[in-house]
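Notes for the structure review
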Amino acid sequence: MATTTLRQYMRDISPFLLLLVTISTLGPLQFGFHLAELNAPQDVISCRVPKSTVGSRLSAAYHSWTSPSSPHRAATTTTSALPGCIPMNNAQFAVVSSMFTLGGLIGALAGGPISSSRGRLFAMRLTGLFFVAGSVLLTLGTSIAVMSVGRVLSGVGAGAATVIVPIYISEVAPPRERGTFGAMTQVSINVGILGTQTLGYFLSSEPTWRWIFAVGIIVGALHLVGLLIIPESPAWLATNKNIPLAKRTLQRIRGKHYSIEEETAFWDSSVEAPEEEALLDDSAAPTSPILRRSSTSSKASGKSTSTSHIGFFEIIRDVHYRPALIAAVGVMCAQQLCGINSIIMYSVSLLKDLLPINSALLTIIISGINLITTIACSPLPDKLGRKTCLLLSITGQGTSALALALSIIFGAKILSAIAVLFFVAFFAVGLGPVPFMLASEMVGPEAVGAVQSCCLGANYLATFLVAQFFPIVNVALNERFGGAGGWVYFIFTALAALCGLFVLWRVPETKGKKDADEVWGRTRRLD
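Residues numbered from 1 in each chain as written. Predicted model: local features only at pLDDT ≥ 70, side-chain atom pairs only at ≥ 80, totals over all residues. Heavy atoms only, no water.

Looking at the overall build of the chain
Counting its regular elements, the chain contains 28 helices and zero strands. In the chain, which comprises 527 residues, the proportion classed as buried is 51%. When the accessible surface of the chain is summed, it comes to about 22900 Å², and 68% of that surface belongs to carbon and sulfur atoms. (Helix = DSSP H or I, 4+ residues; strand = E, 2+ residues; numbered from the N terminus. Buried < 20%, exposed > 50% of the residue type's maximum accessible area, 1.4 Å probe, protein only. Areas by Shrake-Rupley, 256 points an atom, 1.4 Å probe, with all protein chains shown as cover.)

Structural notes on the pattern of salt bridges
Taken as a whole and assessed by the stated rule, the structure comprises five salt bridges. One salt bridge in this structure joins Arg151 and Glu37, with 2.8 Å as the shortest N-O distance. In this pair, Arg151 sits in helix α8 (residues 144-172) while Glu37 sits in the loop between α3 (26-36) and α4 (42-45), placing the two residues 114 residues apart along the sequence. Glu37 carries the same exposure label as Arg151, and that label is buried. (Salt bridge = Lys/Arg side-chain N within 4 Å of Asp/Glu carboxyl O.)

Side note on the nonpolar core
Grouped together as the largest cluster of nonpolar side chains are 65 residues, with contacts concentrated most on Ile315, Ile343, Leu390, Val451, Leu456 and Tyr489. The leading source of residues in this core is helix α26 (residues 445-481), at 11 residues. In terms of nonpolar packing, the next biggest core, distinct from the first, is built from 20 residues, Leu121, Tyr168, Ala173 and Ile253 among them. (Core = buried A, V, L, I, M, F, W, Y, C linked by side-chain atoms within 4.5 Å.)

Side note on the packing of aromatic side chains
The full count for this structure, using the stated rule, is 11 aromatic pairs. The interplanar angle of 35° and the centroid separation of 6.0 Å between the aromatic rings of Phe31 and Phe100 together place this pair among those described as tilted. Pair noted here: Phe31 is in helix α3 and Phe100 is in helix α6 (residues 90-118), with a separation of 69 residues, a long-range link. The residues Phe31 and Phe100 share a single accessibility class, namely buried. Where Trp209 meets Phe213, the ring centres are 5.8 Å apart and the plane angle is 85°; that geometry is what we call edge-to-face. Separated by four residues within a single helix, Trp209 and Phe213 lie in helix α11 (residues 209-226), roughly one turn from each other. Each member of the pair, Trp209 as well as Phe213, carries the same accessibility label: buried. A network of ring pairs unites the aromatic residues Phe423, Phe470, Tyr489 and Phe492 as a single cluster. Taking the ring centre of Phe481 as reference, the NZ or CZ of Arg480 above it sits at 5.2 Å. (Phe/Tyr/Trp six-rings, centres within 6.5 Å; stacked < 30°, edge-to-face > 60°. Lys NZ or Arg CZ within 6 Å of the ring centre and 35° of its normal.)

A short note on the packing of helix α25 (residues 434-442) against α26
One can describe the packing of α25 onto α26 by two numbers: an axis separation of 8 Å at closest approach and a directional angle of 150°. Considering their axes alone, α25 and α26 lie roughly antiparallel with respect to each other. α25 and α26 meet at a crossing whose hand is right-handed. Of the residues in α26, those in contact with Phe436, Ala439 and Ser440 of α25 are Val448, Val451, Gln452, Cys455 and Leu456. (Axes fitted to C-alpha atoms, helices over the stretch in contact; angles between N-to-C directions. Parallel < 35°, antiparallel > 145°, perpendicular 65-115°, else oblique. Left-handed = near helix turned anticlockwise from the far one by under 90°. Contact = heavy atoms within 4.5 Å.)

Let's talk about a nonpolar patch on the surface
Nonpolar side chains collect at one region of the surface, where Ile414, Leu415, Ile418 and Phe422 lie side by side and expose about 380 Å² of accessible area between them. Residue position: Ile414 is located in helix α24 (residues 413-429). (Patch = residues over 30% accessible without salt bridge, like charges linked within 9 Å, V, L, I, M, F, W, Y side chains within 5 Å.)

Details of the side chain of Asn459
With respect to the helices and strands, Asn459 occurs in helix α26. By relative accessible area, Asn459 is classed as buried at 7%. There is a polar contact of 2.7 Å between the side chain of Asn459 and the side chain of Gln335. Once residues within four sequence positions are removed from consideration, Asn459 is found in contact with Met332, Gln335 and Gln336. (Polar contact = N/O pair within 3.5 Å; in protein donor to acceptor, adjacent residues only side chain to side chain.)

Focus on the state of the cysteines
Across all of its chains, the model carries one disulfide by this definition. Lacking any disulfide linkage, Cys338 is separated from the closest cysteine sulfur, that of Cys499, by 4.1 Å. (Disulfide = S-S within 2.5 Å.)

Remarks on the environment of Phe423
Note on placement: Phe423 falls in helix α24. A relative accessible area of 0% places Phe423 in the buried class. Sequence-distant contacts of Phe423, defined by excluding residues within four places in its chain, comprise Cys338, Gly339, Ile340, Ile343, Gln397, Ser400 and Ala401.

Let's talk about α25
The element α25 is largely enclosed, with a buried count of nine among its nine residues. Buried within α25 we find Val434, Pro435, Phe436, Met437, Leu438, Ala439, Ser440, Glu441 and Met442.

A look at the environment of Arg120
Mapped onto the fold, Arg120 is located in helix α7 (residues 120-140). On the accessibility criterion, Arg120 (0% relative accessible area) is buried.

Overview of the confidence of the model for the chain
Averaged over every residue, the pLDDT of the chain is 82; the share at 70 or more is 80%. Looking at the elements of the chain, mean pLDDT is at its lowest for helix α16 (residues 289-301), recorded as 37, and at its highest for α7, recorded as 97. In this model residues 61-79 is a low-confidence stretch, pLDDT under 50, and it forms 11 contacts with partners more than four residues away in sequence or in other chains. Below a pLDDT of 50 lies the segment residues 271-307, which in the model reaches 43 contacts outside its immediate sequence neighbourhood of four places, other chains included. (pLDDT = per-residue confidence, 0-100.)

A short note on unusual backbone geometry
A positive phi is found at Cys47, a non-glycine position, where the angle reads about 65°. One can find Cys47 in the loop between α4 and α5 (57-66). Judged by its relative accessible area of 29%, Cys47 is partly exposed.

A few points about the packing of α3 against α7
The angle between the axes and the distance between the axes are what describe a pair of packed helices. At a minimum axis distance of 12 Å, the contact between α3 and α7 shows a crossing angle of 25°. When the axes of α3 and α7 are compared, the pair comes out roughly parallel. Both α3 and α7 take part in a crossing whose hand is left-handed. Only Phe131, Ser135 and Leu138 of α7 make contact with α3, whose side of the interface consists of Gly27, Gln30, Phe31 and His34.

Focus: the environment of Ala428
On the secondary structure map, Ala428 appears in helix α24. What makes Ala428 buried here is its relative accessible area of 0%. Distance in space between the C-alpha atoms of Ala428 and Ser393 is 7.5 Å, their sequence separation being 35 residues. Setting aside chain neighbours within four positions, we find Ala428 in contact with Asn370, Thr373, Thr374, Cys377 and Pro433.

Dropping the structure here:
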């Protein structure tokens, strides 16, 4: 069985496809990079650590190797035109940090419509420009205002990338491996988080903290160069009446000896559909509501059905898209409401008394575990199904949240650490990768941009709610009930139960389904 699966992967996956996925996922990687870039160097950037106590681990190691007997410290910022730090209190630093979320919301809402109207490739190149511009401002920033603008610009790129890249990957990946490749979005986000936290561990000092942001310029530039050599999505080309080019592009992605007839059969039928429209309208046979509505709009606009793109308000009004919108948005909210960011964002303060490890190093360890489990679990959506993975993930996170709450209350420190590790690991099973791939599998290409934008917009709002109110609710509950804390994780346990019921009730299985009609049990009759 394992040999057969390996042969299937080797036949379906070409080197060019791997190159496409690698280049495109540099977008989500930069999302993770910018999300965590202020974590480790926060005290240094905001001038909260005295110069005499700040030292770069990397610089210290370098000087110990080159001049171990020298009593002098490395050159400080007095030799640079840029200030060594930017004075900020907690509220001001929170504003700078939260600007990324604001930019992300803007990018998420705009990314889908732009990718639908101008193409996935054009939209990804646009995100690359925002990433580079944001990183330049952060690297050279001398004030709170400049840093805030840099965070907004990088946030716009990040929000748009997390909308566009999952769509692009789902449209270039072989149908049988879409789940595995869809998980690469979450894997690349975790790589970015781990990378920037590792850089922060070594470079969090006055002479070197700007190097962290400078690495963002390099990654963004490499991303832009890579986007010059990859093609447009074949599905988008077919949707926009360029089927010959779409077929040539898909054949190039799949390889010379791969048959693309099954994948392109729907493209051909969508071209023939207008010619048979009169027969469909006059026939007594039941016709798909999606096909009938598309034909009607085609007559009104004088264009082929393949050129129509559905906007946000049309999706809300359309009863045939509404179930997909509710399911996709609900799963995206569940990703955050089950509490993963309470660990990612507050693990240092939560676990600082549980393990005798440097707080920055502890954060790197947690991020590393998240990355390893995400990679290890990436084949599961294709093997077990998307819905099954979601339910396993939610159940595991809910159970881990309950164990974490009880262990903190009763002072079981080792159990608390184990519960955190399982909490992160279960996130990687389903809630991490699956929400990014569902939207593109539950609606057609004409609506996926708008639906994905709605999903990521809801995700950013849910992220804000958790990030903003978790510490407030945590403190309030601890003061009300006393003890060592942990009461807030009972809330996450309850939310996990509600999210599990939602997935059972409203989310369909998309594994192995070739299009949205099959996912929702609709039939498309052309004869």
